[in-house]
Structure formats: structure tokens, C-alpha cells
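# Coordinates in review
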Amino acid sequence: MPPTQHKDYYATIGVKKTATSDEIRKAFRKLARKYHPDVNPGDKKAEEKFKEISEANDILSDEKKRKIYDQFGFYSDQIDPAAAEAAARAGAAQGAHGQGVPFDFGGFDFSEEAQPGSGGGGWGSFRDVFSGMFSRERQAAHGPQAGTDLEYQVNVDFWTAIRGGTARLEIQRQEVCPTCHGKASTGGSQTCPECHGSGQVTQMGGRMKFNIACPRCGGTGKVQNACPTCHGEGTVYKTEPLEFRIKPGTRDGQRIRLAGKGNAGVNGGAPGDLYLIIRTGTHPVFTRQGDDILITLPVTVSEAALGSRIEVPTIDGRAQLRIPPGTQSGQKLRMRERGVPSATREGMRGDQIVTVEVSVPQVRDERSREILREFAKLNPDDPREAIWAKV
Ligand SMILES: [Zn+2]
Ligand SMILES: [Zn+2]
């Protein structure tokens, strides 16, 4: 029975053995972003690497699986975590007795019917411990597996987000393989390359060594011939053009869910969903804040002081705005229902908020200077009076 390869999941993800689940998650995400097949289309090495980190994450992110892995240096669904812990305790006790030889459980029969090995000393108690460790039923090697979700960011220009329209993008998704129809195999079988047909592999669990059903073939010793098109994956990557509707009033960061448009499932598993995250473009004059439009508008000193009616740009074109007499720089004026039509509340729309910016004239002629001096004489109030009163 050839031993299965030892995999250092911690090294794969690049974290210490003492890493917290949060650290593991962060490290995995960072690697997943780098090696995801979506960002490396057609790159077999990246795909392989992505599989490795996914496998490591699958074990390390699950507290129960991680415990078993930490205990034995490998993981198998056939090991019951409680029994694994008992085994570890028993192993520790045995170690305390000063036995430096690794226990060889190879070929040992763990079934209930087996008699404890005669003359084996502590073997009987070990049998009890290990008999509960492997569940009798092996998991179906290839049950239906649901497809994963996909997430794409879509950039939509300022006006399309406000007025609505269509957006197009190309997505890379896993589709059911057209050759094997997702079965991953073309029928027929061959000797399992992992266990060379024996159906069992030897695993080292710390100082203990024992046999488990081969994870590759599920103990049958045979594997199905892999489909040549999808290399046994059941799915193939396909680039697909996608066209979808942008609702008027779509906001930045909005998520659109397209059910069933994610990666295909395997063996009849349901497909994942596709999530589109909308990023809306900016405009040199208008700024969006939810359904409101913000704009900074310069006005002259006389328009602000005397009050006036001025023309203001809005997303629908020009509109009239009354500047009340004595309007200060920085003052905000609200133009009701001149903002963006709401994408979620029928018939509602936001406001436009105008921030007044009083533009001070560059005085070049003597006559204007005279008028301003005269104006100052008529209005001797100190605008800093309120500040002086507070210091
Ligand atoms: Zn096998
Ligand atoms: Zn196939």
C-alpha cells in the first residue's frame, strides 16, 4: 500500500500552524484572488495552484477538519473527530510510557468482529479506539456538487446609471462539459493511480501509521476514465458575452443577481449565481449622493447680495433657481425633485442640492473701486465681530 503524499496545508496557504481562523481566511483570500481561474484564463499552473489552496482552505477553515489534520497530518472524511481526539490522548499516554517506535496499524482489522490481537499488550484498547474512527460507509465519490457563485464588477457611465440602458461584458464561467455532460468520465474504468488498485492507502498520523480507504477511488481500486475534454472536471471554462439591463437610478455599489448564471454544477448539481457589482462613473459638474445630485454653483456678489433668479444645470437640462437676497458663500439651496429618479421607489426622485460659491470680482477699473469704497462706508459692520466675541 503506497502512502499518500503528505500535504502541508499551512505552507500551502502560507500561515503558521498557530494561525487564527481569521488569519487563514485572509491568507486564502489573498491567494485566491491571485490564482483564481477567472483572472488566469487558460493558465494550467494557476489552476493547479488554485486547487491546492482551495483544498488547504477547505480543511483549515473547518474547525473539525483542522483538528483531525493537526492530529494526524492528513484529513479523511472517514475519521470521526471525537475518536481522533481519543486516539490522540491514547497516543500521548503511550508516548509517556517511553515507546519510541511508531505504531504500525497497517493491515490491522478494525472491524468489531476482530478479536484483539493476542499477546499484543495494549493492542486491545487501541482497537476500541480505532474501531470508531472510520465510518463504515464511504462517501459517494462523486455526488452532485453545486456550482460556485461568480462575481463581476461592471463599470457603468454616469448617464447610463441615471437614465438606464444596457451594459455588456464578457464573463468566464464553468459550463457543463459538452463531451461528458458533467459526468467527468467517458465510461470505462482504469486502475486507481493513487492506491494502484488496492483500494487502501497508508497514512502517517504523527507516530502512528494506519490504512484508510483510498480517497481517490473511495476504496474501489478503480477510477473512471477521465473525460478528455474537461480532464475529469465535468466542467469547462467558457467565455460568454452577457448583456443585461441597467435600471434607471442604479446606484454605485449596487448588486445585481442573475440566478443560475454562475458556474455550472457537477453531476447534476445546481449552477451558482452571478453577481454583478455596479460601479458608476463620475461627472465633472454633477456629483451623485444616493438619489441626490450635488453641484457647486458660482454666483456674483450682487446676485448673492441683492437676490436673483439664475439658470442652473440639472440632469434634465437648464432650470431656474431663486437666490434669496443676502445668500452667503457655502449656503446650500435645495431644488426639490431635480435629482435622480429612484430605482427602488416608483415615481420618486432625489433632490438637487446647490452649494453657492460667491465669486469675488477682480476689480480693474477706478470707477468700480470708487463704488466699492463708497459701499464700504455705507456698510461699516465688522463680519468678524461674532468671532471676536468668542475669543
Ligand atoms: Zn485508490
Ligand atoms: Zn468532460
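Residues numbered from 1 in each chain as written. Chains lettered and ligands numbered in written order. Predicted model: local features only at pLDDT ≥ 70, side-chain atom pairs only at ≥ 80, totals over all residues.

### Quick notes on the overall build of the protein
As a reminder of what qualifies: Strands here are runs of E lasting at least two residues and helices are runs of H or I lasting at least four, both read from the DSSP assignment and numbered beginning at the N terminus. Residue burial here comes from a neighbour count, namely the number of other C-beta atoms, placed from the backbone, that lie within 10 Å of the residue's own C-beta, with 20 or more meaning buried, 12 or fewer meaning exposed, and in between meaning partly exposed. Residue pairs are scored as contacts if the distance between their C-beta atoms, which are placed from the backbone, is within 7 Å.
Within the protein, the regular secondary structure consists of 10 helices and 16 strands. The buried share of the protein, taken over its 391 residues, is 23%. For the protein, the share of sequence-separated contacts (at least 6 apart) that also reach a separation of at least 24 residues comes to 66%.

### Side note on the environment of Cys230
By the element assignment, Cys230 lies in the loop between strand E7 (222-226) and strand E8 (235-246). If we ignore the near neighbours within four places in the chain, the residues touching Cys230 are Cys177, Thr179, Cys180, Ala184, Thr235 and Val236.

### Quick notes on the nonpolar core
We count it as follows: Think of a nonpolar core as buried Ala, Val, Leu, Ile, Met, Phe, Trp, Tyr and Cys residues, each tied to the set through C-beta atoms within 7 Å.
In terms of nonpolar packing, the biggest core is built from 18 residues, with Ile13, Ile53 and Tyr69 touching the most fellow members. Residue assignment for this core shows that the elements contributing at least two residues are helix H1 (9-13), helix H2 (21-35), helix H3 (44-60) and helix H4 (63-72). With near-sequence residues (within four places) excluded, Ile53 lies in contact with Thr12, Ile13, Phe28, Leu31, Ala32 and Tyr35. Of all hydrophobic cores here, the second largest spans 11 residues; its members include Leu150, Ala161, Ile162 and Ile315.

### Considerations on the sheet that holds strand E15 (residues 332-335)
Quick reminder of the rule: Strands are labelled as partners when DSSP assigns at least two bridges between them. Each axis is a line fitted through C-alpha atoms, taken for helices only over the stretch in contact, and angles between the N-to-C directions span 0 to 180 degrees.
Ordered in space as E11-E12-E16-E15, the four strands form an open sheet in which the pairing is mixed. Strands at the two margins of the open sheet, each flanked by one partner only, are strand E11 (287-289) and E15. Sheet twist, expressed as the mean angle between neighbouring strand axes with direction ignored, is 35 degrees.

### Quick look at the sheet that holds strand E9 (residues 255-258)
The strands making up a sheet are joined through hydrogen bonds of the backbone, oriented either antiparallel or parallel. Strand order in this open sheet of three strands is E2-E10-E9, and the pairing throughout is mixed. Only two strands of the sheet have a single neighbouring strand rather than two, namely strand E2 (150-156) and E9. Strand-to-strand twist in this sheet, taken as the mean axis angle between neighbours without regard to direction, amounts to 25 degrees. In this sheet, strand E10 (residues 274-280) lies alongside E9 in antiparallel orientation, the contact comprising four bridges. Along E10, the bridge assignment pairs Arg255 with Ile277.

### Points about the packing of H2 against H3
For clarity, the threshold we go by: Our angle categories are set so that under 35 degrees counts as roughly parallel, over 145 as roughly antiparallel, 65 to 115 as roughly perpendicular, and the remainder as oblique. In this scheme, a crossing is called left-handed if the near helix is turned counterclockwise away from the far one by less than a right angle; it is called right-handed if the turn is clockwise. Residue type decides the class: Asp, Glu, Lys and Arg count as charged, Ala, Val, Leu, Ile, Met, Phe, Trp, Tyr, Cys and Pro as nonpolar, and the leftover types, Gly among them, as polar.
Two elements in contact, H2 and H3, have axes separated by 10 Å at closest approach and are oriented at 165 degrees. The angle between the axes of H2 and H3 places the two elements in the roughly antiparallel class. In terms of crossing hand, the pair formed by H2 and H3 is left-handed. Along the contact surface, H2 presents Ile24, Phe28, Leu31, Ala32 and Tyr35, while H3 presents Ala46, Lys49, Phe50, Ile53, Asn57 and Leu60. Here the contact of H2 with H3 is built from residues that sort into nine nonpolar, one polar and one charged.

### Digging into the confidence of the model for the protein
Quick reminder of the rule: Confidence of the predictor at the level of single residues is given by pLDDT, which spans 0 to 100.
Averaged over all residues, the pLDDT of the protein is 81; the fraction at 70 or higher stands at 82%. Across residues 92-141, where pLDDT falls below 50, the model places 56 contacts with residues more than four positions away in sequence or in other chains.

### Regarding H4
The condition that has to hold: Think of the arc as the fan of directions from the helix axis to the C-beta atoms.
Every buried residue of H4 is accounted for by Ile68, Tyr69 and Phe72. The arc that holds the buried residues of H4, viewed along the axis, is 100 degrees, so those residues lie on one side. Phi turns positive one or two residues past the end of H4, at Gly73, with a value near 85 degrees.

### Examining unusual backbone geometry
Positive phi, normally seen in glycine, also occurs at His196, with a value near 55 degrees. Along the polypeptide, His196 turns up in the loop between strand E4 (185-191) and strand E5 (200-205). We note that His231 has phi near 55 degrees; this positive angle belongs to a residue other than glycine. Summarising the element assignment, His231 is placed in the loop between E7 and E8.

### Some words on the environment of Val340
Inspection of the secondary structure assignment puts Val340 in the loop between E15 and strand E16 (352-359). As a C-alpha pair, Val340 and Thr250 span 90 residues in sequence and 9.2 Å in three-dimensional space.

### Concerning the environment of Val356
Considering the arrangement of structural elements, one finds Val356 in strand E16. The spacing of Val356 and Lys332 is 24 residues in sequence and 6.2 Å in space, taken between C-alpha atoms. Ignoring sequence-local partners within four residues, the contact set of Val356 consists of Leu297, Val299, Ala304, Ile323, Thr327, Ser329, Gly330, Gln331 and Leu333.

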